[in-house]
Structure formats: C-alpha cells, structure tokens
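Below, each chain spelled out in residue letters.
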Amino acid sequence: MKIFIDSGDINEIKEANSMGILDGVTTNPSLIAKTGRDFKTVAKEILHEVKGPVSLETVSLNAKGMIDEGHFLADLGPNVVVKIPSTTEGLKAIKQLTSEGLQTNCTLCFSSNQALLIAKAGSTIVSPFVGRLDDISERGMDLIRDCVQIYKNYGYKTEVLVASIRNPIHVKEASLCGAHICTIPFAVIKQLMQHPLTDAGIDKFLKDWEKVPSKPF
Ligand code: G3P
C-alpha cells in the first residue's frame, strides 16, 4: 500500500519524507488554509520536496472552472494530481483532463455508485472518506472494501485512496481491504510506529548496556 501524507504543512511533509515511507501528498483547501500561507508558495515547496504524486484541489463547481483550474495546477509541476469533487460536473472535468493526459483524484466520494462512475470517467484515483462516514454512524471501511471489489470485478485501473483517516486502526483496515493508497495525517503517521513494548525494550537495553564494562559507543 502506498502511503501519502494528508497535509499542507511543509515541515510535517519534510519530516515524513525523511522517514523514507512517503509515496505522495494530498492537500485540500482546509489544509492549505490551516498553513496561513500563500497557496502557490506552499504548493511549489511541496512539489519540490516530494517527487511522487501531489494532489492539489480545484474549487470551481462547474466543469469548465474545474478544467481551467486543473490546467493551472498541472502547470505547477509534473507530479501534480488534479483533485476534483465527486459531482456530475466533476465527472465531465475528469473525462476532459484525463483525455489530455493529466492525473486526477476524485475526492469527497461517499458511495460505491459514485466510485463506479468515477472509475468509468477515467479518474486516476478515487478518494473515499472513511472518517467522515464513521462520523455519521456509517462504516467508512465498508465503502473501501466495496470500491476495491467493484474495481477488481471490472478491471478498472482507478486506484482507491483511503482518505479522512483518523487513527491507526483505519490504516490497518485499509491495508487489509487491499486499498492502493492511504493518505494519513502526520499525527497518525507517528502513532503507527509507537508501541509501549518497543519503548520498554529500549529502556531495558540501555540500562543493561550501562553494565557492559568496555564499550565502543
Ligand atoms: O484530504 C481529505 C481528507 O483526508 C480529509 O480528512 O479528517 O478532514 O475528514 P478529514
């Protein structure tokens, strides 16, 4: 499973990248707003840091606007993936941008029927939001399982990207479902490597190491 970071914060992105686990980045207007910085500057910094796919989101509601914004975003770097919402206008924009050879990530997907049409329109990636479905008492991970199965049934090439990840269990379940990509907030990325037995084991080894009479380090 590919690991993306869901962030607009260049320091978080650099830190995750230095761990050697980062395949790409997803952003959205809320994450960019959180930085309090100019959009183009932030986007350029991210594109410079990460060579893998970087999703940058359009904000128009009609296909023409999405396509125009998609062209602007794609011009920022060769690894830009144009993020488009899961609407009928979004499908039209995906069809057009895909025919031009651009990469697309169809976001805000909340149903398997949306995911089916998104794949038919040719999107490179679909982003079902698991956390926001859990928030309204629907099992978000069921949607991931359904998307993976539907795409397998018909051989669609669209990759399932698990978005709106809130905790390490989401990541584990996403990988068990066979999702292609997980986009994870930095706080959760750090949680993935935490284990109390690892910490206790390090403590014990360090204490015992002190008892070794002659040490090279
Ligand atoms: O990037 C989209 C998605 O991951 C948002 O997550 O936590 O705002 O539902 P959240």
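Remember, it's a predicted structure, so these values are computed and weren't measured experimentally. (Residues numbered from 1 in each chain as written. Predicted model: local features only at pLDDT ≥ 70, side-chain atom pairs only at ≥ 80, totals over all residues. Heavy atoms only, no water.)

**Student:** How should the overall build of the protein be read in this particular structure?
**Tutor:** The helix and strand tally for the protein stands at 11 helices and 8 strands. Split into buried and exposed, the 217 residues of the protein put 44% on the buried side. Contacts in the protein between residues at least 24 apart in sequence constitute 54% of all its contacts with a sequence separation of at least 6. When the accessible area of the protein is evaluated, it comes to approximately 11,700 Å², of which 57% is carbon and sulfur surface. Here the protein holds 24 positive side-chain charges and 25 negative ones, and the gap between their average locations is 3 Å. (Helix = DSSP H or I, 4+ residues; strand = E, 2+ residues; numbered from the N terminus. Buried < 20%, exposed > 50% of the residue type's maximum accessible area, 1.4 Å probe, protein only. Contact = heavy atoms within 4.5 Å. Areas by Shrake-Rupley, 256 points an atom, 1.4 Å probe, with all protein chains shown as cover. Lys, Arg positive; Asp, Glu negative; His and termini not counted. Charge placed at Lys NZ, Arg CZ, Asp CG, Glu CD.)

**Student:** When you look at the sheet that holds strand β1 (residues 2-6) in this model, what are you seeing that I'm missing?
**Tutor:** Spatial strand order, β1-β2-β3-β4-β5-β6-β7-β8: 8 strands in a closed barrel with parallel pairing. Put simply, the sheet's adjacent strands are angled 30 degrees from each other on average, direction ignored. Bridge count between β1 and strand β8 (residues 181-184): 4 bridges; the pairing is parallel. Note on β8: the bridge partner recorded for Lys2 is Ile181. Strand contacts of helix α8 (residues 140-154): β5 (103-109), β6 (125-128) and β7 (159-162), with the helix running at about 170 degrees to β7, the strand carrying the most contacts. (Pairing = 2+ DSSP bridges. Axes fitted to C-alpha atoms, helices over the stretch in contact; angles between N-to-C directions.)

**Student:** For this particular structure, what's the right way to read the site of the ligand?
**Tutor:** For the ligand, the full set of nearby residues is Asp6, Asn28, Lys83, Phe129, Arg132, Ala163, Ser164 and Arg166. A distance of 3.1 Å separates an oxygen atom of the ligand from a polar side-chain atom of Asn28. Between Arg132 and the ligand, the recorded distance is 2.6 Å, taken from a side-chain N or O atom to an oxygen atom. (Near = heavy atom within 4 Å. Polar contact = N/O pair within 3.5 Å; in protein donor to acceptor, adjacent residues only side chain to side chain.)

**Student:** It is not clear to me how the packing of helix α1 (residues 10-18) against helix α3 (residues 39-49) should be interpreted in this structure. Could you clarify?
**Tutor:** When two helices pack together, their arrangement is given by the angle between the helix axes and by the axis-to-axis distance. For the pair α1 and α3, the least separation of the axes is 10 Å and the interaxial angle reads 5 degrees. Put simply, α1 runs roughly parallel to α3. Along the contact surface, α1 presents Ile10, Ile13, Lys14 and Asn17, while α3 presents Glu45, Ile46 and Glu49. A breakdown of the residues in the contact of α1 with α3 according to their chemical character gives 3 nonpolar, 1 polar and 3 charged. (Parallel < 35°, antiparallel > 145°, perpendicular 65-115°, else oblique. Nonpolar A, V, L, I, M, F, W, Y, C, P; charged D, E, K, R; others polar.)

**Student:** Help me understand the packing of aromatic side chains in this model?
**Tutor:** Aromatic rings in a pair are described by how distant their centres are and how their planes are angled relative to each other. A complete count under the given rule lists 4 aromatic pairs for this structure. Between Tyr151 and Tyr156 the ring centres are 5.9 Å apart and the planes differ by 80 degrees, which places this aromatic pair in the edge-to-face class. Accessibility expressed as a relative area gives 3% for Tyr151, which makes it buried. According to the relative accessible area criterion, Tyr156 is partly exposed, its value standing at 23%. Ring centres 6.2 Å apart and planes at 50 degrees place the aromatic pair Tyr154 and Tyr156 in the tilted group. Within the aromatic cluster, the residues linked to one another by ring pairs are Tyr151, Tyr154 and Tyr156. (Phe/Tyr/Trp six-rings, centres within 6.5 Å; stacked < 30°, edge-to-face > 60°.)

**Student:** Please clarify how helix α4 (residues 63-74) should be interpreted in this entry.
**Tutor:** Side chains of residues three or four places apart in an α-helix project in the same direction, reflecting 3.6 residues per turn. Its 12 residues give α4 an end-to-end C-alpha distance of 16 Å, which sits within 8% of 16 Å, the value for a rise of 1.5 Å per residue. Every buried residue belonging to α4 is among Ala63, Gly65, Met66, Ile67, Gly70, Leu73 and Ala74, and all of these are buried. Structurally, α4 contributes buried residues whose contacts are with α3, β3 (54-57), β4 (80-85) and α5 (88-99). (Expected span 1.5 Å × (residues − 1).)

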